[in-house]
Amino acid sequence: SGGRGRDILEALRRLIAARSALLLAAGLALIITSVVVASTAASPGGKPQTDSGGGGSVAPAPSDEGWSPAPPAATTPALAPTQPPLVPIQPGQWYMCTTLGQCGSAPRRTWSTDPTDLVGAVAGFNAAPPGVSAQAWGPVAAHWSASTPVFQGTAVQLGDIAAFVVELLGSDPFGTGGKDIPFVDLRPPSENKVVAVTQRQLAFLVANALMGNGFTDGGSDGLTAGLQRCGANPAKSTYLYSLLSFLAVLSRELAPGDQGSLLVAATPKGQDKSWKNNLGTRLPEPTVCQRQADGSFDCGLSDFMAGGTQKQALTDIAGGVVGGGAQLCDLAASQDESLVQFYSEVLAFSFFTNGANKDDSATGMLPVPWVLLGARRYMNHLSGNSMGGSCGAIPAANWLNEAISSRTVPVSVGGTQQKVAPSAFVGVASVCSACNVGDSCSHEELINNKCDLQRRHLEQDLSNWYQAFEPSMYEPSVQQAFRSVVSRIGTGPWGAGVWYGDSQQSFLTVWLATSLLSGITLDYYIYPSFCENQGNQCFVLGTSGGCDACVEQGALLGAGVDPGSCGPRGITDIISQFKGRSAQELYDAMLQVGQPPDQIFDLLLDSNGM
């Protein structure tokens, strides 16, 4: 099947093969590399490959730990001298685990339509692709055409993205023959699952979802379900900007045949109390970053929300699923709902959920805790500080992140060396204080750290944090990759966002929990108006650190936060008292902390004679 589509594809690929001089040069280099590799390279471990029986897909022998290797290079057809050479697109490697120790040939799903048969319907993206609501597409396409964004110094037209989609649909990046793809559902039960795919492979999945390609089993996937759900409300269109920006950037970064870097999604094992074994460790001094009036931070690091700090994991202050109540469709007044739009690969990875129940959006959204190693930010403009009541905003022009890093680090995944961007996205939920207080506390008491219940879920929050960030909680085959990519954690008021925990308790919890991890340090960011629970984080400063002025600045958006609730001691005082002491000492002190109205820092320091 797919003969007519392949004829169209061949013609279109000839037209787009010279889409830029840079890509052509990279492509010619790849031809030389492919010839050398084809003539000299053995399969991983030098072991023979066996047919898995999955629609022509190739899987490694069991001792190869599940890698699907690239087959020998295809023969490049002879072309007329006036035509640029076609570059054979070599399938990349992927790695998947369905649970602990079950890593290898993942279950396969078969496309309803051979992707090569979809290329004729791309049509330059002059109209909405089949998988997208025309009502939602129209305004986005008009805006894109009127204010075409720039990347690497040149405009990226919708036609350029369409040409890239054509290339993707004909590339068979998984090396399965085109119609089959490996698939692991990351939804519960989700302990120790792994989905590692290349940038090109993920873009291929996005292209198929946009083109409305389904599966022969009649089921759906989370990305397709999201396109349908979001398309029902044309006013919500951020998801389209996100996916198109992802393709736009990769259309410039990936030469024909280039698989790009690896993206490693993983879920940890179930919680345990193993973190208690580490309470004898000493508390290292965290890096504290306070936002200045010009938007910079006094620690010299980039805003953790925007990324840019090498080997820093971004903390998504999540609920039960990544993306929360916005259901992957739009920006909102919460961090979790908005982050997924700027980190387009996270949105795209919702593909690896079954999306089975159209009336329950969570079936098509990623569970937490969950990590994506190699995640990058594709769009501007994002900050932890509220932007008119929202987390982030898409600029009217030039919304592509031209500062996106192309740096990678070598990692081991399944015993094979790969390259991954040195950044990560980690979704982790705290205990919801507001969900549990009932009538015992008012909203005003919650936002001023005056509710005793806010101080009584320390152990559960420590377990949540440790489960998400401790490398040994993940499938052994990706633990080294985690350690290579993540050496520091960036967070704001985790636990004290729209679930209205106590901001001082929140800081102490993440400081204590991070000290229990192996080889990972904490970068803690303070905002006058974090985009959730604005103004509340000012309490960590104390009057000694400017809490009053911070609240007055943040209270423009966070009505109800009372500067009179600022305690005298701040974060500098509490760090000075406990740094270098054992984690056990801080843990014990927090378990025994007194009740409001005094702030936690004051109670702890008073009890320690300071």
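Counting from 1, residues in each chain are numbered in the order their sequence is written. A pLDDT threshold of at least 70 governs which residues receive local features in this predicted model, and a stricter bar of 80 or more applies before side-chain atom pairs are shown or counted, although totals over entire chains, interfaces and linings include all residues. Excluding hydrogens and water, the side-chain values take into account all heavy atoms of the structure.

A. Spotlight on the environment of Leu-400. In DSSP terms, a helix is any run of H or I states spanning at least four residues, a strand is any run of E spanning at least two, and both are numbered starting from the N terminus. Within the element layout of this structure, Leu-400 appears in the loop between strand E12 (370-373) and strand E13 (409-413). Buried residues are those whose accessible area, probed at 1.4 Å on protein chains only, stays under 20% of the maximum for their type, while exposed residues exceed 50% and partly exposed ones sit between those limits. Using a relative accessible area of 2% as the deciding quantity, one classes Leu-400 as buried. As a C-alpha pair, Leu-400 and Phe-246 span 154 residues in sequence and 8.8 Å in three-dimensional space. Contact definition: two residues touch when any of their heavy atoms are within 4.5 Å. If sequence neighbours within four positions are ignored, Leu-400 has contacts with Trp-144, Pro-149, Val-150, Phe-151, Val-156, Ser-245, Ala-248, Val-249, Tyr-378 and Asn-380.

B. Seen up close, the sheet that holds strand E3 (residues 95-97). Here we have 9 strands laid out as an open sheet, ordered E3-E8-E9-E12-E15-E11-E16-E17-E10, and mixed in their pairing. Looking at which strands have only one partner, the edges of the open sheet turn out to be E3 and strand E10 (287-290). Between one strand and the next, the sheet's axes are offset by a mean angle of 20°, whatever the strand orientation. As paired strands, E10 and strand E17 (residues 521-526) are joined by 4 bridges and run parallel to one another. Bridge pairing in E17 links Thr-287 to Asp-523. Working convention: axes come from line fits to C-alpha atoms, limited for helices to the stretch in contact. Angles between N-to-C directions cover 0 to 180 degrees. The sheet strands contacting helix H12 (residues 458-469) are strand E11 (312-318), strand E15 (423-429) and strand E16 (488-491), and the helix crosses E15 at an angle near 150°. DSSP-based pairing: two strands are paired if at least 2 bridges between them are found.

C. Geometry of helix H14 (residues 503-515). One less than the residue count of a helix, multiplied by 1.5 Å, gives the span that helix is expected to have. End to end, H14 covers 18 Å across 13 residues, agreeing with the expected 18 Å (1.5 Å per residue, within 8%). Across the 13 residues that make up H14, a large majority, 13, are buried. As used in this structure description, the phrase polar contact means that two N or O atoms lie within 3.5 Å; if the pair is within protein, one of them must be able to donate a hydrogen and the other to accept it, and residues adjacent in sequence are counted only when both atoms belong to side chains. Taking the backbone nitrogen of Gln-504 as reference, a side-chain oxygen 2.8 Å away marks Asp-502 as the first, capping residue of H14.

D. Broad picture of the state of the cysteines. A pair of sulfur atoms, both from cysteines and within 2.5 Å, is called a disulfide here. Counted under the stated rule, the structure contains 8 disulfides. Across a sulfur-sulfur distance of 1.8 Å, Cys-391 and Cys-531 are joined as a disulfide pair. Measuring handedness by torsion sign, the sulfur bridge of Cys-391 and Cys-531 sits at about 95° and is right-handed. One end of the pair, Cys-391, is in the loop between E12 and E13; the other, Cys-531, is in the loop between E17 and helix H15 (547-554), with 140 residues separating them in the sequence. Across a sulfur-sulfur distance of 2.0 Å, Cys-441 and Cys-451 are joined as a disulfide pair. Because the torsion about its S-S bond is 85°, the bridge between Cys-441 and Cys-451 counts as right-handed.

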